[in-house]
Amino acid sequence: FESVDDDGYDAALVGMDRICCEFRLLKACYTTNAAALLPILYYACAYSDIDEIYVQVDRAGGLDTGCLRTLISGKFKLERALRNLVVSLSDEFRKISCSTCKTGAYVTSLDRSNVNASHLVSYRGGIMALQVLKEECRPCFEEFAEKIDAKRVKIWEKIPSYFGFPGWDDLQENEGHS
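Here the structure is a predicted model, which is why all the values come from computation and not from measurement.

1. Thoughts on unusual backbone geometry
- Positive phi is not limited to glycine here, since Asn33 has a value of about 55°.
- As for its position among the elements, Asn33 is in the loop between helix 2 (18-31) and helix 3 (38-45).

Rendered as structure tokens:
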């Protein structure tokens, strides 16, 4: 999780800008049934909005209907999980914040452009906690950020299932037996 999360979305993939190659890689891995690589490629492609997905699919020379269906279905499952993370923040905030933090701190102050993204990097605990708490109370800020990051890790662990695959560990184990 950390290696993918730390690179962010702008990192190169196989020596090219990610957006230029991930749909072609998804197509190649789907065609060759490279199951261990498919969940991470679906996740990478799910970053795009629906219109951009269709543009990138055209640039890749098309995708198998099943592959495209899995991508779009998985994207919506991922987005639902991310929306649930955001919705849960007010409860988490109430559980950890001291009376000092509650003054002037609102979950509704989250940057809406970030909470509409389909990538976990947009939901980093420190960034979201800073938007709510402004780092005025360090202990509450750190605890809130940790709770958010714990939820992000849980979503990361489920990403393969959003695209119809077993967990990351099972995928690696199956790849080792191939």
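Here the narrative resumes.
2. Some details on a negative patch on the surface
- Where like charges cluster on the molecular surface, the negative patch consists of Glu157, Asp169, Asp170 and Glu173.
- A per-element tally of the negative patch places helix 9 (residues 168-176) first, with three residues.
- By secondary structure assignment, the location of Glu157 is in helix 8 (residues 138-162).
- On the accessibility criterion, Glu157 (48% relative accessible area) is partly exposed.

3. Overview of the packing of helix 7 (residues 125-133) against helix 8
- It is the contact of helix 7 with helix 8, at a shortest axis distance of 8 Å, that shows an interaxial angle of 135°. When the axis of helix 7 is compared with that of helix 8, the two are oblique. Of the two possible hands of crossing, helix 7 and helix 8 adopt the one that is right-handed. Across the interface between the two elements, Gly125, Gly126, Met128, Ala129, Leu130, Val132 and Leu133 from helix 7 touch Cys140, Phe141, Phe144, Ala145, Ile148, Asp149 and Arg152 from helix 8.
- Residues that form the contact of helix 7 with helix 8 fall into these classes: ten nonpolar, two polar and two charged.

4. Quick word on the side chain of Gln56
- Its location among the elements puts Gln56 in helix 4 (residues 50-59).
- Overall, the relative accessible area of 6% leaves Gln56 in the buried class.
- A polar contact of 2.6 Å, which involves the side chain of Gln56, links it to the side chain of Glu52.

5. Brief notes about helix 8
- Compared with the 36 Å implied by 1.5 Å per residue over 25 residues, the 35 Å span of helix 8 between its first and last C-alpha is a close match.
- Of all bends in helix 8, the biggest is about 30°, found at Trp156, and the proline Pro160 comes one to four residues later.
- Here helix 8 has its buried residues at Cys140, Phe141, Phe144, Ala145, Ile148, Arg152, Ile155, Trp156, Ile159, Pro160 and Tyr162.
- Positioned one or two residues after helix 8, Gly164 has a phi angle of 85°, which is positive.

6. Observations regarding the nonpolar core
- Membership of the largest hydrophobic core comes to 46 residues, with the highest contact counts inside it found for Leu26, Leu71, Phe144 and Ile159.
- Taken together, the elements giving at least two residues each to this core come down to helix 2, helix 3, helix 4, helix 5 (65-96), helix 7, helix 8 and helix 9.
- Top element by residues in this core is helix 5. It accounts for twelve residues.
- Excluding residues that lie within four positions of it along the chain, Leu71 makes contacts with Phe23, Leu26, Tyr42, Cys45, Ala46, Ile53 and Phe163.

7. What about the packing of aromatic side chains?
- Tallied over the full model, the rule gives four aromatic pairs.
- Arranged with centres 5.7 Å apart and planes meeting at 80°, the rings of Tyr43 and Trp156 form a pair that is edge-to-face. In this pair, Tyr43 is assigned in helix 3 and Trp156 in helix 8, connecting sequence segments 113 residues apart.
- The class of Tyr43 is buried, set by a relative accessible area of 3%.
- Each ring, one from Trp156 and one from Trp168, has its centre 4.7 Å from the other, and the planes form 20°; the classification is stacked. Pair noted here: Trp156 is in helix 8 and Trp168 is in helix 9, with a separation of twelve residues, a long-range link.
- You can call Trp156 buried: its relative accessible area is 10%.
- Since its relative accessible area comes to 18%, Trp168 is described here as buried.
- The rings of Tyr42, Phe163 and Phe165 are connected pair by pair, giving a single aromatic cluster.

Reading guide: rules and limits
Residues numbered from 1 in each chain as written. Predicted model: local features only at pLDDT ≥ 70, side-chain atom pairs only at ≥ 80, totals over all residues. Heavy atoms only, no water. Helix = DSSP H or I, 4+ residues; strand = E, 2+ residues; numbered from the N terminus. Patch = residues over 30% accessible without salt bridge, like charges linked within 9 Å, V, L, I, M, F, W, Y side chains within 5 Å. Areas by Shrake-Rupley, 256 points an atom, 1.4 Å probe, with all protein chains shown as cover. Salt bridge = Lys/Arg side-chain N within 4 Å of Asp/Glu carboxyl O. Lys, Arg positive; Asp, Glu negative; His and termini not counted. Charge placed at Lys NZ, Arg CZ, Asp CG, Glu CD. Buried < 20%, exposed > 50% of the residue type's maximum accessible area, 1.4 Å probe, protein only. Axes fitted to C-alpha atoms, helices over the stretch in contact; angles between N-to-C directions. Parallel < 35°, antiparallel > 145°, perpendicular 65-115°, else oblique. Left-handed = near helix turned anticlockwise from the far one by under 90°. Contact = heavy atoms within 4.5 Å. Nonpolar A, V, L, I, M, F, W, Y, C, P; charged D, E, K, R; others polar. Polar contact = N/O pair within 3.5 Å; in protein donor to acceptor, adjacent residues only side chain to side chain. Expected span 1.5 Å × (residues − 1). Bend = angle between axes of the 7 residues up to and from the residue. Core = buried A, V, L, I, M, F, W, Y, C linked by side-chain atoms within 4.5 Å. Phe/Tyr/Trp six-rings, centres within 6.5 Å; stacked < 30°, edge-to-face > 60°.

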